[in-house]
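Each chain, written out:
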Amino acid sequence: MSAITRDEVAHLARLSRLALADEELDHFAAQLDVIIGAVARVAEVAADDIPPSSHALPLTNVYRPDEVRPGLTPQEALSGAPAVEDDRFRVPRILGEEA
Amino acid sequence: MSLIRKSAADLGELIASGEVSAVEVAQAHLDRMAAVEPKVNAFLHIDAETTLEQARAVDARRAAGEELGPLAGVPIAHKDVFTTRDMPTTAGSKILQGWKPPYDATVTRRLRESGLVILGKTNLDEFAMGSSTENSAYGVTHNPWDLSRVPGGSSGGSSAAVAAYEAPLSTGTDTGGSIRQPAAVTGIVGMKPTYGGSSRYGLIAFASSLDTPGPFARNVLDAALLHEAFSGHDVMDSTSVDAPVPSVVEAARNGDVAGLRIGVVKEFGGDGYQAGVLARFHETVELLESLGAKVFEVSCPSFTTALPAYYLIAPSECSSNLARFDAMRYGLRVGDDGTRSAEEVMALTRAQGFGPEVKRRIILGTYALSSGYYDAYYGQAQKVRTLIARDFEAAFQQVDVLISPTTPTTAFPIGERADDPMAMYLADLCTIPTNLAGNAAISVPCGLADEDGLPVGLQIMAPVLGDDRCYRVGAAVERALQSRWGGDLLSRAPEL
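Note that the structure is a prediction, hence the values are computed from the model and not measured.

Conventions we followed
Residues numbered from 1 in each chain as written. Chains lettered and ligands numbered in written order. Predicted model: local features only at pLDDT ≥ 70, side-chain atom pairs only at ≥ 80, totals over all residues. Helix = DSSP H or I, 4+ residues; strand = E, 2+ residues; numbered from the N terminus. Rg over C-alpha atoms; globule rule 2.2 N^0.38 Å. Buried ≥ 20, exposed ≤ 12 C-beta atoms within 10 Å, placed from the backbone. Contact = placed C-beta atoms within 7 Å. Pairing = 2+ DSSP bridges. Nonpolar A, V, L, I, M, F, W, Y, C, P; charged D, E, K, R; others polar. Expected span 1.5 Å × (residues − 1). pLDDT = per-residue confidence, 0-100. Axes fitted to C-alpha atoms, helices over the stretch in contact; angles between N-to-C directions. Parallel < 35°, antiparallel > 145°, perpendicular 65-115°, else oblique.

Colleague: Would you mind showing me how to read the overall build of chain B here?
Modeller: Helix and strand counts for chain B come out as 16 helices and 11 strands. Here the C-alpha atoms of chain B give a radius of gyration of 21 Å, agreeing with the 23 Å that 2.2 N^0.38 yields for 496 residues. Taking all 496 residues of chain B together, 64% fall into the buried category. Sequence separation of 24 or more characterises 77% of the internal contacts of chain B that already satisfy a separation of 6 or more.

Okay, here's the thing in structure tokens:
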């Protein structure tokens, strides 16, 4: 049995906001099946009583003084924007026509 | 000796004494780049005028009597994953083509403050995901030892630039081996500092719990000088370690291993390792013994599951980090014709802007983090991560450093693994445990493999904040091997 199906890859691509072409889906499904088969080896490690590590070094609650510091100007912040209007990021519509 | 073949330390002294100007040194390297870039393709962005301007500024500061550091006026190649205000920053991706960041990364800022002269931005696997630099959207970089082979990756432009004498120093980032592996396969020195020892602020994120900036150089002392120049606590990076930078320069000058306990990692060797790599590694172990080190075999059983754990953790973090490339605030935007929604534009842009390896990892990470799979994949990988850290801890009770080959093979031919992701991932087999545990490791050249005449790297791993031990052992190996060879390894590379 395959570890992952083409339909699952298509679903994951939708969740990841990747508009993949059909041939890409075929290609990735086959490759991801091999990769997931290989990484699934982690399941063989007996680790029920082992705490997970999300980070290499345990650092918690790192604060700095709450002081006002210079930031980017609006022009700098917008300098790489694909579209700008009135000192703001101009974006495509975010709601459907029916909304 | 021509200026381009000199060490960074020597160049710094020559410039400080006024024997040569920073402008002359920069020009010599720009000339070399013009001559060999058509063959090597290490750089994504070169702007001679910006480079010479920086060099002139250093000369002016010197002339004004300013006290400058040991690398002032020395040229450096900068990996194109660090933001730079005066140069485009692409991360090797089409999605950031032509982007000029509005701020400097902390590493960039510190290079400038040290008076280093940035020659340009170097090629990399897209978003630092890869081991060959073939995943760049802007073409492959060629290994100066054999132009038909990869320079390693992801920091392959940086390793090739230094090995091709285009720059005495370069920057890299190491998430699973992206500094040590390219250093090993191009015959130079590459160091992954302790996680948090060098700032990630302004480094375009791939896997935030693993990404670590570090230096490349042609010798151990130069790497240490660069390490010291850009490392240290940074309030802009909340995972930055608030501790003094280990005394790496002193360790690189010292190089005494008498009485040092060295552990050979039992799990790294055997099947899948090239004979010539193992031969050079075993000779180096004997060499260390002859220098007075005590060598032990040490078992780290969890290291055998480091690779699968890494390929769950790194893609998971990448799938989250790369969500920021949404076509709204900066970078590419595709299909915004007034009829499409933001979500459609986002999906079209990401499909066109990202290359295949980045897409694979985003999908893999999304899968590993999905409800229903989370515990079996991401959760379990995090437990393996704990076990690997425990293996290191136990090993460092017995020995001062651990050693292994840096890579299982020498540089592979361009194209050989390009469409076989699992084969590509194996290049990082020996380097990944250090990223998962956050400790320090270096790769130094230890000879050429008999089969193909290509460089082999020795990996030296030290505990968290034990970076100085990497340099101490690296310097010992370098000194002994160079006296045996009558020069450095790179002097045996073919002329370009």
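Colleague: Teacher, can you tell me more about the pairing of strand E11 (residues 455-462) of chain B here?
Modeller: If a strand is regular, its side chains alternate between the two faces of the sheet. All names here are of chain B. Most of E11 sits out of view: eight of its eight residues are buried. Because side chains alternate across E11, one face comprises the buried residues Pro455, Gly457, Gln459 and Met461, and the other comprises Val456, Leu458, Ile460 and Ala462, equally buried. Two strands pair when backbone bridges link them, and strand E9 (residues 401-405) and E11 are joined in this way by four bridges, in the antiparallel orientation. Residue Ser404 lies in a different strand from E11, and its bridge partner there is Gln459.

Colleague: Got a minute to help me understand the environment of Arg14 of chain A in this structure?
Modeller: Residues and elements named next belong to chain A. Note that Arg14 resides in helix H1 (residues 6-15). Judged by C-beta crowding, with 14 C-beta atoms within 10 Å, Arg14 ranks as partly exposed. The sequence separation of Arg14 and Ser54 amounts to 40 residues, and the corresponding C-alpha distance is 27 Å.

Colleague: Please clarify how the pairing of strand E6 (residues 212-217) of chain B should be interpreted in this entry.
Modeller: All names here are of chain B. Of all six residues in E6, six are buried; the element is thus mostly enclosed. Sheet topology places strand E4 (residues 169-174) next to E6; six bridges connect them, and they run antiparallel. Following the sheet pairing, Gly172 is matched in E6 by Gly214. Alignment of strand E5 (residues 189-192) against E6, held across two bridges, turns out to be antiparallel.

Colleague: Help me understand the interface of chain B and chain A, please; the structure alone is not making it clear to me.
Modeller: Where interface size is given, it is often the accessible area lost as the parts come together that is meant. Facing 57 residues of chain B, the contacting portion of chain A comprises 46 residues. For the side of chain B that touches chain A, the elements supplying multiple residues, two or more each, are helix H10 (306-321), helix H11 (342-353), helix H12 (356-368), helix H13 (375-398) and helix H14 (421-425) of chain B. Residue contributions to the side of chain B that touches chain A peak at 11 residues, all from H13 of chain B. Here the residues of the side of chain B that touches chain A are counted per class, giving 32 nonpolar, 14 polar and 11 charged.

Colleague: How should helix H2 (residues 22-39) of chain A be read in this particular structure?
Modeller: Since one α-helical turn is 3.6 residues long, residues separated by three or four positions face the same way. Look at H2 of chain A: 25 Å from first C-alpha to last across 18 residues, which is about the 26 Å you get at 1.5 Å a residue. Those residues of H2 of chain A that sit buried are Phe28, Gln31, Leu32, Ile35, Ile36 and Val39 of chain A. Looking at the packing, one finds that the buried side of H2 of chain A touches H1 of chain A together with H10, H12 and H14 of chain B.

Colleague: Help me understand unusual backbone geometry in this model?
Modeller: Glycine aside, residues mostly have negative phi angles, and peptide bonds mostly take the trans form. Residues and elements named next belong to chain B. In this structure, Ser154 follows Gly153 across a cis peptide bond, with omega equal to 10°. Structurally, Ser154 is set in the loop between strand E3 (117-122) and helix H5 (156-163). In this model, Asn41 sits at a positive phi of 55°, which is unusual for a non-glycine residue. Tracing the backbone through its elements, the reader meets Asn41 in the loop between helix H2 (22-40) and strand E1 (43-46). Even without being a glycine, Ala128 presents a positive backbone phi close to 65°. Its place among the elements puts Ala128 in the loop between E3 and H5.

Colleague: It is not clear to me how the confidence of the model for chain B should be interpreted in this structure. Could you clarify?
Modeller: Regions with low pLDDT should not have their predicted coordinates read in detail. When pLDDT is averaged along chain B, the result is 97, and 100% of the positions lie at 70 or above. The ipTM, which scores confidence in the relative placement of chains, is 0.94 for this predicted complex, and the corresponding pTM is 0.97.

Colleague: Help me out: how do you make sense of the packing of H1 of chain A against H2 of chain A in this one?
Modeller: Between two packed helices, both the angle of their axes relative to each other and the distance between the axes serve to describe the pair. Residue and element names in this part refer to chain A. The N-to-C vectors of H1 and H2 enclose an angle of 110°; their axes lie 9 Å apart at closest approach. One element, H1, and the other, H2, form an angle in the roughly perpendicular class. On H2, the residues touching Arg6, Val9 and Ala10 of H1 are Leu25, Asp26, Phe28, Ala29 and Leu32. The residue inventory of the contact of H1 with H2, partitioned by class, reads six nonpolar, no polar and two charged.

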